[in-house]
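# Fold and contact review
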Amino acid sequence: MLKLGVLASGRGSNFQAIIDSIESGYLDAEVAVLITDNPDAYAIKRAEKHGIPHLVMLPKEHPSKDAYYEAIAQELKKREVELVILAGFMRVVKKPLIDAYPMRIMNIHPALLPSFPGLHGQRQAVEYGVKVSGCTVHFVDEGVDTGPIIIQAAVPVYDDDTEESLSERILRQEHRIFPYAIKLFAEGRLSVEGRVVRIEGHKKEDFFFTNPPLE
Ligand code: GAR
């Protein structure tokens, strides 16, 4: 069974989607630990409710950013975590963690990368005036939201959308594609060639997520 380590900074609805996917039997995995950089994160309550160990780790308790990510890597290795999940972790992960888990860290981003990387992907899409946006699950490299793309889902952007309404529409897709991407990893179906991720035995159904019917 795949051991996951989840990093989250806030609400943790993606974390919850992963927990639900495990509990329903959709995903053959276990969350070994939740690590958060925010002592008030609602994600902690979710961990407590589901008996998942959690740690609050703050950058200011470490001499440098590298030392912080080294400490996180150690906690994950100690628990034999195989795949690291960034579920609304609002920091740019640094080299010590990436080197400890090469192509073994997945992030969810609320835009169709490479459009609108960084913070507030949904607001950027509304302000730019795109007609389609969505979400992306990708492996994490040293850039900001630049790593190899695993799965994307698209949603329409309406004229009267606000950051909030678009975020809500995108979030519903996030909760579908993140567990799916983890499932593909758990089944050993993902391989990375350069910056292209290939899905072994790619079936027509897999494209459902990259080309969902617009709501
Ligand atoms: C999600 O929309 C996620 O895509 C975004 O933060 C939200 C976290 O929600 N992540 C980023 O913007 C990363 N740069 P959640 O805590 O309810 O899962």
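Above this text you will find the structure in question.
Note that the structure is a prediction, hence the values are computed from the model and not measured.

The description of two packed helices rests on the angle between their axes and on the distance between the axes. In contact at an axis separation of 9 Å, helix H1 (residues 13–23) and helix H2 (residues 42–49) are set at 20 degrees when each is read in the N-to-C sense. Our classification of the angle between H1 and H2 gives roughly parallel. Between H1 and H2 lies a crossing of right-handed hand. The segment H1 lies against H2, with Ser13, Phe15, Gln16 and Ile19 engaging Ala43, Arg46 and Ala47.

Let us now look at the site of the ligand. In the vicinity of the ligand, the residues found are Arg11, Gly12, Ser13, Asn14, Gly88, Met90, Ile108, Pro110, Gln122, Leu171 and Glu174. One of the backbone N or O atoms of asparagine 14 is found 2.9 Å from an oxygen atom in the ligand. The separation between an oxygen atom of the ligand and a polar side-chain atom of glutamate 174 is 2.8 Å. In isolation the ligand offers 450 Å² of accessible surface; the protein chains occlude 90% of this area. Of all elements in the fold, only H1 and helix H6 (163–186) reach the threshold of two or more residues within the shell around the ligand. Here the shell around the ligand is built from residues that sort into four nonpolar, five polar and two charged.

As a further point, take the pattern of salt bridges. Considering all chains together, one arrives at 12 salt bridges under this definition. Glutamate 75 is the partner of arginine 79 in a salt bridge, and the nearest nitrogen-oxygen pair spans 2.6 Å. For aspartate 161, the salt bridge identified is with arginine 169, shortest N-O distance 2.7 Å. Given a relative accessible area of 8%, aspartate 161 falls into the buried group. The exposure class assigned to arginine 169 is buried, which follows from its relative accessible area of 10%.

A few words on the environment of valine 144. Within the fold, valine 144 resides in the loop between strand E6 (132–139) and strand E7 (149–156). Given the relative accessible area of 42%, valine 144 is considered partly exposed. Spatially, the C-alpha atoms of valine 144 and valine 84 are 17 Å apart, while their sequence positions differ by 60 residues.

Right, let's get into the environment of arginine 198. Structurally, arginine 198 is set in strand E9 (residues 196–199). Among the residues examined, arginine 198 registers a relative accessible area of 42% and is labelled partly exposed. Considering only alpha carbons, one finds arginine 198 and leucine 4, 194 residues apart in sequence, at a separation of 21 Å. Apart from residues lying up to four places away in sequence, arginine 198 is in contact with Arg189, Leu190, Ser191 and Glu193.

Bringing the nonpolar core into the picture now. By size, the foremost hydrophobic cluster in this structure holds 45 residues, and its most contacted members are Leu4, Ile85, Met106 and Ile182. Element by element, the count of residues in this core is highest for H6, at nine residues. Residues in contact with leucine 4, not counting those within four places in the same chain, are Ile18, Ile22, Ala29, Glu30, Val31, Ala32, Val33, Val81, Leu83, Ile85 and Ile182. Grouped together as the second largest cluster of nonpolar side chains are 21 residues, Ala32, Ala71, Leu86 and Phe89 included.

How each quantity is defined
Residues numbered from 1 in each chain as written. Predicted model: local features only at pLDDT ≥ 70, side-chain atom pairs only at ≥ 80, totals over all residues. Heavy atoms only, no water. Axes fitted to C-alpha atoms, helices over the stretch in contact; angles between N-to-C directions. Helix = DSSP H or I, 4+ residues; strand = E, 2+ residues; numbered from the N terminus. Parallel < 35°, antiparallel > 145°, perpendicular 65-115°, else oblique. Left-handed = near helix turned anticlockwise from the far one by under 90°. Contact = heavy atoms within 4.5 Å. Near = heavy atom within 4 Å. Polar contact = N/O pair within 3.5 Å; in protein donor to acceptor, adjacent residues only side chain to side chain. Areas by Shrake-Rupley, 256 points an atom, 1.4 Å probe, with all protein chains shown as cover. Nonpolar A, V, L, I, M, F, W, Y, C, P; charged D, E, K, R; others polar. Salt bridge = Lys/Arg side-chain N within 4 Å of Asp/Glu carboxyl O. Buried < 20%, exposed > 50% of the residue type's maximum accessible area, 1.4 Å probe, protein only. Core = buried A, V, L, I, M, F, W, Y, C linked by side-chain atoms within 4.5 Å.

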